[in-house]
Amino acid sequence: MIDKLVETVNKLLWSPLLILFIVFCGLYFSIRTRFLQIRHFKEMVKLVTTGKGSDAGVSSFQALTMSLSGRIGVGNVAGTATGIAYGGPGAVFWMWVITFIGAATAYVESTLAQIFKEEQDGQYRGGPAYYIEKGLGWKWFAVVIAAAILLAMAVLMPGIQANSIADGFHNAFGIPQLVTGIIVIALLGFTIFGGVKRIAKTAEIVVPFMAVGYLLVAIAIIVVNFEKIPEVFGLIFKSAFGAEQVFGGIIGSAVMWGVKRGLYANEAGQGTGAHPAAAAEVSHPAKQGLVQAFSIYLDVFLVVTATALMILFTNQYNVINEKTKEPIVVHLQGVEPGAGYTQAAVDTLIPGFGSAFVAIALFFFAFTTMYAYYYIAETNLAYLVRGKHRGIAFLALKIIFLAATFYGTVKTATTAWAMGDTGLGIMVWLNLIAILLLFKPAYLALKDYEEQLKQGKDPAFNASKYGIKNATFWENGYKKAEGKKKEAL
């Protein structure tokens, strides 16, 4: 009964209208910002390596890795494979498209998070609930989105990550899901009880390590199959527009699954990346907006693309007509859509190595994503619950989060993904409406940033200059207080 309810809700949330809305917002923000994702690419790279943390905020790089720990997750491995399974190779092209235009969306939501952030209990907090209340003045809407994000991050979405870890370890090493679940919540509990700074420090170390290792294996597979480069890229582009005869009948699915799985991987428009963006110590909101725009490039154009190319270069995939359930292409007998495709692809490089390697990669990807989920859930709980009851509320959140994670290890992958899609769909609808209405402050911040760059300055923001109300942190300009001079971590 629950499965049917979730399926019905997902059909409503993920209608073609949502896809059109996502694309419209991305194109609108791209055009209005004069395609900042191209113009400011060099500046994005520069900003990633500059800036220091403080007692209240993390550094730009730590904020980047915190957001990447959320973006680089199961969606990059199992999600990419699922997109190919139901959308064909053409789905990869639409993942690229939604990421390119989504970079502008990521800039807007992350800059808004910085503009309307506040300091609570000695650390910066911000995100959709904060910029909706302060920017739009709609307290009710802010409460609704905070509750929706809390539900999604703490209950609906951790199960996808935990389920993939459990399945990966069971397939590779024969470890029972129950045992994996106990180990995962023990390790996760140690980190989340340590607070946001421990989460940031863990992400700063683990994210680059896991991404580099994964990319090296992908590069090795491409090198071994070098002669297939024209064939594979030709297949992707032709399938995306229905020009490949085999996949001509599922062009709609290619677009739908490409956008859906691309959005799941890059998170642009969800509002999730806005939370770690608000935690950064920067002199200008646009700085962190540009850093977060860059993060989705790293996520999709490197990690997601690496997964897709490993699968396509080795022909280790099946394609299924989602409507008729009939197979269109079968290269892997008896393998369900998901991480099994990637495991089979790596096995072609080193026989017997694929299952273990992908299981370990999934562990790191999914584990750090769960860190990010908890931090986002905690930020929204901090918005909803203030005063003396906050400590009890945070403890309850930790227990619920760990319980949902454990539950995910013993549920089927289909149910876990369906629940995750529900949480994702709710967040996207609410957040996109908000940032579309709140675009002006983000636009003014970009304009101010560009003007100061032309003057040879290190940009510093003053909200009062542009009449932006309720941006209390910036209303008298940026001033780094004496107590914030040392490194945060």
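Calculation criteria
Counting restarts for each chain, with residues numbered from 1 along the sequence as it is written. Owing to the predicted nature of the model, reporting of local features is limited to residues with pLDDT of at least 70; listing and counting of side-chain atom pairs is limited to 80 or more, with chain, interface and lining totals taken over all residues. With hydrogens and water stripped out, all remaining heavy atoms of the structure feed into the side-chain values. By definition, any uninterrupted DSSP run of H or I lasting at least four residues is a helix, any uninterrupted run of E lasting at least two residues is a strand, and each is numbered from the N terminus. The rule is simple: take the accessible area with a 1.4 Å probe, protein chains only, and divide by the maximum for that residue type; under 20% is buried, over 50% is exposed, in between is partly exposed. Throughout, a contact is declared for two residues whenever any of their heavy atoms are within 4.5 Å. Per-residue and other accessible areas were derived by the Shrake-Rupley procedure at a 1.4 Å probe size, with only the shown protein chains allowed to occlude residues. For a helix, the expected span equals 1.5 Å multiplied by the number of residues minus one. Working definition: the arc comes from the directions between the helix axis and the C-beta atoms, pointing outward to the latter. Whether two aromatic rings pair depends on their centres lying within 6.5 Å, for rings of Phe, Tyr and Trp, where Trp uses its six-membered ring; planes under 30 degrees apart make the pair stacked, over 60 edge-to-face, and the rest tilted. Two conditions define a charge located above a ring, namely a distance within 6 Å from the ring centre to NZ of Lys or CZ of Arg, and an angle within 35 degrees of the ring normal. When DSSP finds two or more bridges between two strands, those strands count as paired. Residues enter patches when their relative accessible area tops 30% and they take part in no salt bridge; the joining distance is 9 Å for like charges and 5 Å for the nonpolar side chains Val, Leu, Ile, Met, Phe, Trp and Tyr. A carboxyl oxygen of Asp or Glu within 4 Å of a side-chain nitrogen of Lys or Arg is what we treat as a salt bridge. Think of a nonpolar core as a cluster: buried Ala, Val, Leu, Ile, Met, Phe, Trp, Tyr and Cys residues, connected wherever their side-chain atoms sit within 4.5 Å. Comment: axis = line fitted to C-alpha atoms, over the contacting stretch for helices; angle = value between 0 and 180 degrees taken between N-to-C directions. Note on residue categories: nonpolar means Ala, Val, Leu, Ile, Met, Phe, Trp, Tyr, Cys or Pro, charged means Asp, Glu, Lys or Arg, and polar means any other residue, Gly included. Convention used here: angles under 35 degrees read as roughly parallel, angles over 145 as roughly antiparallel, angles from 65 to 115 as roughly perpendicular, and any remaining angle as oblique. Crossings are classed by handedness, with left-handed meaning an anticlockwise turn of the near helix from the far one by less than a right angle and right-handed meaning a clockwise turn.

1. A closer look at the overall build of the protein chain
Scanning the protein chain from N- to C-terminus turns up 21 helices and four strands. Here the protein chain holds 489 residues, and the buried ones make up 60% of them. Contacts in the protein chain between residues far apart in sequence, at least 24 positions, make up 82% of those at least 6 positions apart. Carbon and sulfur atoms make up 66% of the accessible area of the protein chain, which totals about 18,700 Å².

2. Looking at the environment of Gly 234
On the secondary structure map, Gly 234 appears in helix α13 (residues 229-240). With relative accessibility at 22%, the residue Gly 234 sits in the partly exposed group. Placed 144 residues apart in sequence, Gly 234 and Gly 90 show a C-alpha to C-alpha distance of 9.8 Å.

3. Quick look at α13
Across its 12 residues, α13 extends 17 Å between first and last C-alpha, which sits within 8% of the 16 Å expected from 1.5 Å per residue. By the burial criterion, the buried members of α13 are Val 232, Leu 235, Ile 236, Ser 239 and Ala 240. For α13, the arc enclosing every buried residue in end-on projection is 120 degrees, short of the 170-degree limit, so these residues lie on one face. Of the exposed residues in α13, the ones pointing more than 90 degrees away from its buried face are Pro 230 and Glu 231. Packed against the buried residues of α13 are α7 (90-115), α14 (251-266) and α16 (285-314). Phi turns positive one or two residues past the end of α13, at Gly 242, with a value near 75 degrees.

4. Observations regarding the packing of aromatic side chains
Counted according to the given criterion, the structure contains 36 aromatic pairs. Geometrically, the ring pair formed by Phe 41 and Phe 294 is edge-to-face, given 5.7 Å between the ring centres and 65 degrees between the ring planes. A residue pair is termed long-range when its members are at least 10 positions apart, and Phe 41 in helix α4 (residues 41-48) and Phe 294 in helix α16 qualify at 253 residues. For Phe 294, a relative accessible area of 11% corresponds to the buried category. Positioned over the ring face of Tyr 124 is Lys 117, at 3.9 Å from the centre of the ring. Lys 398 extends its terminal NZ or CZ atom over the ring of Phe 193, reaching a point 5.5 Å from the ring centre.

5. A short note on the pairing of strand β4 (residues 327-330)
In the sheet, strand β3 (residues 318-320) pairs with β4 via three bridges, with the strands oriented antiparallel. Each bridged residue has a counterpart across the sheet, and for Ile 320 the counterpart in β4 is Pro 327. The antiparallel hairpin formed by β3 and β4 contains six residues in its connecting segment, where Lys 325 sits at a positive phi of about 65 degrees.

6. Things to note about a nonpolar patch on the surface
On the surface, Trp 138, Trp 140, Val 144, Ile 433 and Leu 437 cluster together into a nonpolar patch covering about 500 Å² of accessible area. Secondary-structure elements contributing two or more residues to the nonpolar patch are α9 (139-156) and α20 (413-437). Mapped onto the elements, Leu 437 comes out in helix α20.

7. Brief notes about the nonpolar core
Most often, soluble globular proteins have nonpolar side chains that are buried together. If you look at the biggest cluster of nonpolar residues, it comprises 122 residues, and the most contacted ones within it are Ile 22, Tyr 107, Tyr 131, Met 153, Met 157 and Tyr 214. Leaving out residues up to four positions away in the same chain, Met 157 has contacts with Ala 152, Tyr 264, Tyr 373, Gly 420, Gly 423, Leu 424 and Met 427. Counting 29 residues, the second largest nonpolar core, distinct from the first, contains Trp 96, Ile 250, Tyr 317 and Val 329.

8. Notes on the side chain of Thr 405
For Thr 405, the position within the fold is in helix α19 (residues 390-410). Thr 405 gets classed as buried once you look at its relative accessible area, which sits at 0%. Those residues in contact with Thr 405 that sit more than four places away from it in its chain are Pro 158, Ala 162, Val 184, Ile 185, Leu 188 and Met 370.

9. As for the pattern of salt bridges
With the rule as written, the count across this model stands at eight salt bridges. A salt bridge links Arg 386 to Glu 118, with the nearest nitrogen and oxygen atoms 3.0 Å apart. Here Arg 386 is found in the loop between α18 (354-384) and α19, whereas its partner Glu 118 is found in strand β1 (residues 118-120), with 268 residues between them in sequence. By relative accessible area, which is 17% here, Glu 118 ends up buried. Salt bridges here are not isolated pairs; linked through shared partners, they connect Arg 34, Arg 39 and Glu 450.

10. What about the environment of Gly 352?
Looking at where Gly 352 falls in the secondary structure, it is placed in the loop between α17 (339-349) and α18. Its relative accessible area of 65% is what places Gly 352 among the exposed residues. Remark: the alpha-carbon pair of Gly 352 and Ala 172, spanning 180 residues in sequence, is separated by 9.3 Å.

11. Observations regarding unusual backbone geometry
The phi dihedral of Phe 35 falls on the positive side, at around 50 degrees, and the residue is not glycine. Tracing the chain through its elements places Phe 35 in the loop between α2 (16-32) and α3 (36-39). Looking at Phe 35, the relative accessible area reads 29%, which means it is partly exposed.

12. With respect to α2
Every α-helix carries 3.6 residues per turn, so stepping three or four residues along brings you back to the same face. For α2, built from 17 residues, the straight-helix expectation of 24 Å at 1.5 Å per residue is met to within 8% by its first-to-last C-alpha distance of 24 Å. Three or more residues of α2 are buried, namely Leu 18, Ile 19, Phe 21, Ile 22, Cys 25, Gly 26, Phe 29 and Ser 30. The buried side chains of α2 occupy one side of the element, clustering within an arc of 165 degrees when seen end-on. Along α2, the residues that are exposed and aim more than 90 degrees away from the buried face are Pro 16, Leu 17, Leu 20 and Ile 31.

13. Comments concerning the packing of helix α8 (residues 128-136) against α18
Following both chains from N to C, one finds α8 and α18 inclined at 35 degrees, their axes separated by 9 Å at the closest point. When α8 is examined against α18, the residues Ala 129, Tyr 130 and Glu 133 are found in contact with a partner set consisting of Thr 379, Asn 380, Ala 382 and Tyr 383. When the residues that make up the contact of α8 with α18 are grouped by side-chain class, the tally is four nonpolar, two polar and one charged.

14. Quick look at the packing of α13 against α16
Packed helices, taken two at a time, are described by their axes: the angle between them and the distance between them. Running from N to C, α13 and α16 point in directions that differ by 110 degrees, and their axes come no closer than 10 Å. In terms of orientation, α13 lies roughly perpendicular with respect to α16. The two elements α13 and α16 meet at a crossing, and its hand is right-handed. Contacts between α13 and α16 involve Ile 229, Val 232, Phe 233 and Ile 236 from the first element and Leu 309, Leu 312 and Phe 313 from the second. When the residues that make up the contact of α13 with α16 are grouped by side-chain class, the tally is seven nonpolar, no polar and no charged.

In short, geometric facts, not functional conclusions.
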